[in-house]
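The primary structure of each chain is shown beneath.
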Amino acid sequence: MQPPDGPLLSIEGVTKSFGDTTVLREISLDIRKGEFLTFLGPSGCGKTTTLRIIAGFEAPDCGRILLEGQDITGLPPYRRDVHTVFQHYALFPHYTVFNNVAFGLRIRRVPEAEIGKRVREALSLVKLSGFEERQTTQMSGGQMQRVALARALIGRPAVLLLDEPLGALDLKLRKEMQLELKTLQRRLGITFVYVTHDQEEAMTMSDRIAVFNKGVIEQLGAPAQIYERPKTSFVADFIGAANVFSARVLDAQGGRLRLRLEERVEFELLVEEPSAYPAGTIFKLAIRPERVTVRYREDEPAAPGALRLPAVLAENVYLGNASQIYLQPFGEGGKTLLAVSMDSQHRAPRAAGSPAWADIRLEDILMLEPVGQWTNAATPAETSFA
Amino acid sequence: MTQTAEAAAENLPARRESRAEKLLSWLIRGASPAASHLLLLPAAAWLLVFLLLPVACLLALSLATRGPYGTVVWSFTWANFGRALNPMYLPVLLRTAAYAGSATGLCLALGFPLAYYLSFYAGKRRETLLVMLMIPFWTSCLVAIYSWMIILGRHGLLNDLLGRLGLIQAPLPLLNNGFSVVLGLVYFYIPFMVLPLYGSLEKIPRAYLEAAYDLGASPAEAFLKVTLPLSLPGVFAGCLLTFVPCMGDFLTAEFLGGPRNFLIGNLIQNQFLMSQDWPFGAALTALLVLSLISGLYFYQRLEARQIEP
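Residues numbered from 1 in each chain as written. Chains lettered and ligands numbered in written order. Predicted model: local features only at pLDDT ≥ 70, side-chain atom pairs only at ≥ 80, totals over all residues.

Side note on the overall build of chain A
- From N to C terminus, chain A includes eight helices and 20 strands.
- With the C-alpha coordinates aligned to their principal axes, the bounding extent of chain A is approximately 80 × 50 × 40 Å.
- Per-residue burial over chain A gives 39% buried out of 386 residues. (Helix = DSSP H or I, 4+ residues; strand = E, 2+ residues; numbered from the N terminus. Buried ≥ 20, exposed ≤ 12 C-beta atoms within 10 Å, placed from the backbone.)

Here it is in structure tokens:
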């Protein structure tokens, strides 16, 4: 995928503050030619600011932006070969659809005949043929979004920036547009940098996802990688659901960690880099709810090498397509373990308090960031998970 | 928990509405279209008694004749209009239009950059600057005019200052000419230009400008293609609010214009107060109002036309 001539767009050590608030802390990121990269994160995480810095609407306090190897940090937005699809479309209300889409070409003094041809092409690309003379003020949100897309695409930018473009649409339309955008991006081969706070949207469309939190990129990787191998509890929790627990390293020998889960359950785990997990350190670890198998009889066999946690059933919620089972493996007052299962045996309501066993395969236990050192005196600070 | 709350709510005694409250509710809710129209009543009554009736009287008056000693003789005649359309008065009308037009143009030229600054760059100083803009309204019109006379007079402050600085040999004729009238008009009416301009500039989402820059427009192009067209409603409104009162102005011309620069407003004023010829004054007024209304009509047609890219 990576072309031999390096990344298309590079963000190098970009820091940005507004007043006393630092919104970006030394962000570095390479964007490949032709990829669909998503900036994912909660509001205020710096994803939109990063996009605005790429577009040229904000200047970074330090760091550089390189487009095709050229430093564009100091260039004004109108000299950058990137176009933006704005969150609230920002269509010019005094222009028709045609004139909105033609705007960029008119600025570049493209001959009118060619403008006409290219506008019709761009409109057919976004399925708005025949809407040329419409006033944008009379259009639905979905249609306006398409006009905004056509307007940004018509100049064939090196990079297309999309700032939560589907945020204002209803769920059904958003799903449709997600697939359409992805198809369009593949067909045109234009690099998309997409900002969203919706993890499902990011998973649906992206080649790679950069997960932003509090002004830093917590993790960068393909959707599957982000989901299967989250590096931090924030990523594990933000993308999909996760049970996050703490685990103390008792002993690390020959790639095998001996861990104490929530100061209650001891087990052994094979890791790739045992040196990263020194004894005495407390780490966070995550378990995906759909990777937890719930048994109600102890004699049911677990998968080989799975960790079996005896627990008490706290609650069983039937959702139609799946069931949510809340277990208490760490005693009353301890953390709850959520399991999600499509197994039909969970459809029937079951009395809270009945015994249950949670089977977790060791490869489904995701080691995350360290949270501190274990001291004998105090139990580790409770870590909450939403 | 919720059950007890509901029970408690049920046990509360129903609050009695007073009669006045009931009436107000009935009006405010607009229960029926007829009732909601009642909200228009106070303003409509005011306009009927103090605007429409006087205008009707004026129109009736314009068809009457002047009797001896300035009395009004109620006879039906078009003679006043014939007199008013006499080419003799044409220069007055043209002068008025020219002064009002120049004042409006000058207000626009001075006001647009000011409004632009207020909207785009003033930041926290905006409120202060807007209040300062309104200060001329707080001083009595006559005080302001006399101040201008003191400043502009032959031996006024300005001539004195320029003379002391050695910039002029003889005093400049600053008062009693077109310049002083237009200056006065601009002074009085510039807030009427700036406020609508500011309002329309303020209403332009800054994302439109970002979109223009993003698509390759330089700041100048973005201004010409986005900011300016979107501010046109404010330009139109500002020009109207300035031009119309300038056309009817008589105080500025009376005091700053001298005897040779009287405007249509002064002419009308003279008919009522000096010549005691109320019917003729009424005919002149009717013509002025009529020409302004027809002018406005064409102006609005122009405004309604779609703005070409």
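There's more to say after this.
Some words on the overall build of chain B
- Helix and strand counts for chain B stand at 15 helices and two strands.
- Expected size for 309 residues packed as a compact globule is a radius of gyration near 19 Å; at 27 Å, chain B overshoots this value by more than 25%.
- Dimensions of chain B, computed from C-alpha atoms along their principal axes, come out at roughly 90 × 65 × 40 Å.
- For chain B, the proportion of its 309 residues judged to be buried stands at 27%.
- Counted over contacts in chain B with a minimum sequence separation of 6, partners at least 24 positions apart contribute 68%. (Rg over C-alpha atoms; globule rule 2.2 N^0.38 Å. Contact = placed C-beta atoms within 7 Å.)

Details of unusual backbone geometry
Residues and elements named next belong to chain A.
- Residues other than glycine seldom take positive phi values, yet glutamate 26 does so here, at roughly 45°.
- For glutamate 26, a count of 15 C-beta atoms within 10 Å puts it in the partly exposed group.
- Its identity is not glycine, yet lysine 127 carries a phi of approximately 60°, on the positive side.
- Along the chain, the position of lysine 127 falls in the loop between helix 3 (112–125) and helix 4 (141–153).

A closer look at helix 6 (residues 90–120) of chain B
Residue and element names in this part refer to chain B.
- For helix 6, with 31 residues, the first-to-last C-alpha span of 44 Å sits near the 45 Å given by 1.5 Å per residue.
- Taking the largest bend as the criterion, helix 6 deviates by roughly 30°, centred on glycine 111, and proline proline 113 comes between one and four positions later.
- Those residues of helix 6 that sit buried are Thr96, Tyr99, Ala100, Ala103, Thr104, Cys107, Gly111, Phe112, Ala115, Leu118 and Ser119. (Expected span 1.5 Å × (residues − 1). Bend = angle between axes of the 7 residues up to and from the residue.)

Looking at the nonpolar core
Residue and element names in this part refer to chain A.
- Within the largest apolar cluster, 110 residues are counted, with the highest numbers of intra-cluster contacts made by Ala150, Val193, Val211 and Ala358.
- A per-element tally of this core places helix 4 first, with seven residues.
- Among the domains, domain 1 (9–236) and domain 2 (241–373) are the pair contributing at least three residues each to this core.
- The contacts of alanine 358, once residues within four sequence positions are left out, are Val292, Val294, Leu309, Ala311, Leu327, Pro329, Leu337 and Ala339. (Core = buried A, V, L, I, M, F, W, Y, C linked by C-beta atoms within 7 Å. Domains from an automatic or database assignment.)

What to know about the interface of chain B and chain A
- Counting from both sides, the interface comprises 17 residues of chain B and, opposite them, 20 residues of chain A.
- If one sorts the elements of the side of chain B that touches chain A by residue count, helix 11 (residues 206–214) of chain B sits on top with six residues.
- When grouped by side-chain class, the residues that make up the side of chain B that touches chain A number twelve nonpolar, two polar and three charged. (Nonpolar A, V, L, I, M, F, W, Y, C, P; charged D, E, K, R; others polar.)

Section: the confidence of the model for chain B
- Per-residue confidence for chain B gives a mean pLDDT of 87; residues scoring 70 or more make up 93%.
- What the predictor reports for the complex is a pTM of 0.82 with an ipTM of 0.84. (pLDDT = per-residue confidence, 0-100.)

Remarks on the packing of helix 7 (residues 126–138) of chain B against helix 10 (residues 178–202) of chain B
All names here are of chain B.
- Across the interface, helix 7 lies against helix 10 with an axial gap of 9 Å and an inter-helix angle of 140°. Put simply, helix 7 runs oblique to helix 10. Regarding helix 7 and helix 10, the two cross each other, and that crossing is left-handed. Residues Leu133, Met134, Pro136 and Phe137 of helix 7 pack against Tyr187, Phe188, Pro191 and Val194 of helix 10.
- Here the contact of helix 7 with helix 10 is composed, by residue class, of eight nonpolar, no polar and no charged. (Axes fitted to C-alpha atoms, helices over the stretch in contact; angles between N-to-C directions. Parallel < 35°, antiparallel > 145°, perpendicular 65-115°, else oblique. Left-handed = near helix turned anticlockwise from the far one by under 90°.)

Brief notes about the sheet that holds strand 5 (residues 70–71) of chain A
Residues and elements named next belong to chain A.
- Spatial strand order, 2-1-4-5: four strands in an open sheet with antiparallel pairing. Only two strands of the sheet have a single partner each, and these edge strands are strand 2 (21–31) and strand 5.
- Where strand 1 (residues 9–18) and strand 2 come together, seven bridges link them in antiparallel fashion. Within strand 2, the position partnered with leucine 9 by the bridge is isoleucine 31. (Pairing = 2+ DSSP bridges.)

So, the pairing of strand 6 (residues 82–85) of chain A
Residue and element names in this part refer to chain A.
- With burial as the criterion, each face of strand 6 is covered, one bearing Val82 and Thr84 and the other bearing His83 and Val85.
- With four bridges joining them, strand 6 and strand 7 (residues 159–163) adopt parallel strand pairing. Looking across to strand 7, one finds that valine 82 is bridged to valine 159.

Thoughts on the sheet that holds strand 14 (residues 281–287) of chain A
All names here are of chain A.
- Within the open sheet, the five strands sit side by side as 13-12-11-14-20. Their pairing is antiparallel. The open sheet has two edge strands with one neighbour each: strand 13 (265–270) and strand 20 (365–373). Between one strand and the next, the sheet's axes are offset by a mean angle of 40°, whatever the strand orientation.

Observations regarding the pairing of strand 15 (residues 292–295) of chain A
Residues and elements named next belong to chain A.
- Only one face of strand 15 is buried: it carries Val292 and Val294, and the other face, with Thr293 and Arg295, is open.
- Bridging between strand 15 and strand 19 (residues 355–361) involves four bridges; their strand directions are antiparallel. Of the residues in strand 19, the one forming a bridge with valine 292 is isoleucine 360.

Considering the confidence of the model for chain A
- Residues at a pLDDT of 70 or more form 96% of chain A, whose mean pLDDT is 90.
- Predicted confidence for residues 382–386 of chain A stays below pLDDT 50, and this span has nine contacts to residues more than four positions away or in other chains.

Describing the packing of helix 6 of chain B against helix 12 (residues 219–248) of chain B
Residues and elements named next belong to chain B.
- Here helix 6 crosses helix 12 at 145°, and the two axes come no closer than 9 Å. For the pair helix 6 and helix 12, the sense of crossing is right-handed. On helix 12, the residues that touch Thr96, Tyr99, Ala100, Ala103, Thr104, Cys107, Leu108 and Gly111 of helix 6 are Val235, Gly238, Cys239, Thr242, Phe243, Cys246 and Met247.
- Broken down by class, the residue content of the contact of helix 6 with helix 12 amounts to ten nonpolar, five polar and no charged.

With respect to the environment of valine 244 of chain A
- Looking at where valine 244 of chain A falls in the secondary structure, it is placed in strand 11 (residues 243–253).
- Taking the C-alpha atoms as reference points, valine 244 of chain A and serine 17 of chain A, separated by 227 residues in sequence, lie 32 Å from one another.

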